[in-house]
Structure formats: structure tokens, C-alpha cells
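Overview (structure and organization)
Here is what each chain is made of, one letter per residue.
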Amino acid sequence: MWEYVFWGAGAAAVTTLVAVVIFANITPGEKTIEHRIERLYGADSPDFRRVLSVLLGPDLTEGNHVRLLRNGDEIFPAMLEAIRSARQSICFETFIYWSGEIGREFAQALSERARAGVPVQVLLDWLGSQRIDKDVLSRMRDAGVQVELYHRPRLMQLRRFNNRTHRKLLVVDGRIGFTGGVGVADHWRGHAQDEAHWRDSHFRAEGPVVAQFQAVFLDNWIKATGTVLHGERYFPPLSAAGPLPAQMFSSSPSGGSASMHLMYLLAIVAASRSIQLQSAYFVPDRLAVQALIDAARRGVAVQVLVPGRRTDAEVVRRASRALWGRLLAAGIEIAEYQPTMFHCKVLVVDELLVSVGSTNFDNRSFRLNDEANLNVIDAGFAREMVETFRQDWQRARPVTLHAWKHRPLWQRLPERAAALLRQQL
């Protein structure tokens, strides 16, 4: 009989623990933005640039070069080339690091540099890296790579379990920075040629903004290790590398969870002519929906490009589709990418402001995860991103308001149910 008593007590304890974890992670902490933001200026106004620097920070820096990299065939060789050329330091933070061919290639390159005496710091999200082989981790550590797992579950820190680092950052010698949408996994390889190879964008930066990349990495490295990385090895003097004003912007529940949400809302409110939004996971909250509708009503052409049926998160797609009615009714165009999973995260406003990085257009990115975006204000760079958007749009299927209203009941019911979970998506 006692074995049943002990089993029952154990089950009750586990149930209680699960309930505590869920409660700790769904209850709000600090207050978030609750009211519509007033439109006071356009994206081309000096006031908008000042707000990006002063209200959100850090400052927009001049003299940067940023290069768009499309899909794994361009992204991974550029990252690996930078790693193999490192002489002073390598700092790498990512959400997903899985085993596979590209995972082994990165591990080999990082290990070779560590054996050559280059300090290599790698910060992997504990949850996102669950599918990495333990021997890959062991080989990197044996070579001298300092690998840390972000927010590994601990009994006394249950609230932070739902706070993951979703940032994608690589900084080499404090001089070259990468950010964007890709993790380290084989489905990012190739050139989006079939369903097994995803469509994504990543960005290579040089110039003074790279110091901000490094500072964002250091933010989480300190949280994970308590160690401060500093000195010329990590923060060398940086000269101008190009003409672009740029800013590396970050957010975290432990340091202003509403910051990324606010940045997106301010950018949408400042739009005067056009908004192109590429989002792998598009589940806008009430304020974001209203901001997009208000933009459309004042004559802004708003286009939103999202994944189609080829997605890695069907519940997110269903929750997203449940919210499209008001957007479509306001004249906002929405299209679903068809060939493969669409994982890009890009916002372009008035063919001037470009924001790229790890942030999805959902509550998880805006309030729960650690995120990082590179903001660039430049018409030439924005035109390149708009052209890329148009190329992707040509491979997407537009959704009409008529089609959305008349979708069958077997689609509508699961979508409404999924939308109930949007605070966690």
C-alpha cells in the first residue's frame, strides 16, 4: 500500500511543480505598453532618429557597412570564413545549435581557433540546443572553447525558464558582426531550393556598430557566467567601414521587456508611405494590430509576408490566421510563402528604415525572449531589402478578405483555439 502512497505523493509534487512553473511563466511581470502611441513625426524626421537613439538606445552610429546574405549557401560560408580568420576573439550566441553536417563544421572551426590560442566564447540557449550531440559539446570544450548554456533549468529560478535567448550574434575580433534569422542546423543549408531547405536572411556588418554587437553579447555572457570580457581583444578601435548609420538594438525581460515592442510600434507609427514586414511567426497583439490598421488608414501601403503551409510551428500559423480579418479589411496585404519554410525577420519602413535580426512579430519576441535587431537608416540599403521582399512576394500566395471569411469551419475552429495561446507564442 505504501508504494501507492509514495507514488501518489510524488505525482502530486510533480503536478505542483509543473503548476508553479506554468504560473510563474504566464503571469506578467513589469507593466507593458497599454495605450496607442501618438504619431508625431515620420520615419525621415530627425525626431525619429533621435528617439531611436535616446528613448531606445544605443546611439545610431555613422560609418558602417552592412551586407545582406541570403540562405545558407551565402550565410554559412561567410560566417565560417570570419571564424577561421579570427586572431583575437570569437563571441557566438545562438538559440538553435543542432547536430548535423553544419553543426560539426562550426564546431570544427571554433575548436581549431581555440586550439590556436584564440579565446572562443559560445553561448547556446539550453532549450534551443537540446538536439546537439553531447560529443560535439565535449570536443569543443576539450579544444578550449568556453561553451555555456543559457538559462539551464534550476529549481530556485523557475520564473526565468520561459525567458530564452533568441539572439543570433557572431562577433569576430570585435570587428566583424553577424546577425539575422539563422541558427546552426542543416535545414538552413542550401538556397531554399526545396522543402528541406529554409528561406532566411542574415547580415554581415563592419564599422563602429560592431562594438554594439559585442556589448549585446556581453549582456548575456555576464548573466550566464558572471565574467566580464573587455579590453582591445573584444573592443578594438573601429574606423568607418561604409556610409550607413546603424544601431544594434536589444531587449530582454530582465532589462526592459517592452523595448523591442516599443521599437516596432514607433517604426510603424512613423511610416508615411510603405511598410514591408517579413515575419516567420506573426501573431500581433492588440496594439500592433491597431498600429498597422491606423497606418493603412492614413494611406500607408502595408504588406506582410509570412510562412505558408510549410511551417515548423503549425499552432503559430493557426493563431496568426485567426487575427487576419481586421488587417485584411483595412486594406493590408498578407501573403503566404509557398516553396519552403519562410524564416526571415525583416521590417522596412518608407524604403528608409530597415530592422533585421532575431525578432519575430509576436508576444514571445516582444516580451518573453532576449532579442537583438540591427537597425539601419539608409535609402540605398532599404531599396535592396525592398527588392528582396518583392522577389519573395512573387513566390507567395496572397490571402484575400473573401477567402479568409469563407475558410471552412475545420480551419476556423483550430485557429480560434490556437489564438487563445497567443500570449505564449
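Owing to the predicted nature of the structure, the values given are computational and were not obtained by experimental measurement.

**Details of helix α6 (residues 210-225)**
Side chains three or four residues apart in an α-helix point the same way, a direct result of the helix having 3.6 residues per turn. Over its 16 residues, α6 extends 22 Å from the first C-alpha to the last, a length consistent with the 22 Å expected when each residue adds 1.5 Å. Within α6, the full set of buried residues consists of Val210, Gln212, Phe213, Gln214, Val216, Phe217, Leu218, Asn220 and Trp221. In the stretch just after α6, Gly226 is the one whose phi turns positive, near 75°.

**Structural notes on the pattern of salt bridges**
Inspection of the entire model under this criterion finds 22 salt bridges. For Arg167, the salt bridge is made with Asp219, and the minimal N-O distance between the two is 3.2 Å. Of the two residues, Arg167 is situated in the loop between β4 (146-150) and β5 (169-172) and Asp219 in helix α6; the sequence distance between them amounts to 52 residues. The class for Asp219 is partly exposed, based on a relative accessible area of 32%. Lys223 is paired through a salt bridge with Asp219; the nearest N and O atoms lie 3.6 Å apart. With Lys223 and Asp219 both in helix α6 and 4 residues apart, this pair spans about one turn of that helix. Classification of Lys223 as partly exposed rests on a relative accessible area of 33%.

**Structural notes on the nonpolar core**
Counting 51 residues, the largest nonpolar core has Met79, Phe92, Tyr97, Phe106, Leu110 and Met140 as its most contacted members. The element contributing the most residues to this core is helix α3 (residues 71-84), with 7 residues. In this structure Met79 touches Phe92, Phe106, Leu170, Phe178, Val182 and His202, once residues within four positions along its chain are discounted. If you look at the next biggest cluster of nonpolar residues, it comprises 49 residues, including Leu52, Tyr264, Leu292 and Ile332.

Basis of the calculations
Residues numbered from 1 in each chain as written. Predicted model: local features only at pLDDT ≥ 70, side-chain atom pairs only at ≥ 80, totals over all residues. Heavy atoms only, no water. Helix = DSSP H or I, 4+ residues; strand = E, 2+ residues; numbered from the N terminus. Expected span 1.5 Å × (residues − 1). Buried < 20%, exposed > 50% of the residue type's maximum accessible area, 1.4 Å probe, protein only. Salt bridge = Lys/Arg side-chain N within 4 Å of Asp/Glu carboxyl O. Core = buried A, V, L, I, M, F, W, Y, C linked by side-chain atoms within 4.5 Å. Contact = heavy atoms within 4.5 Å.

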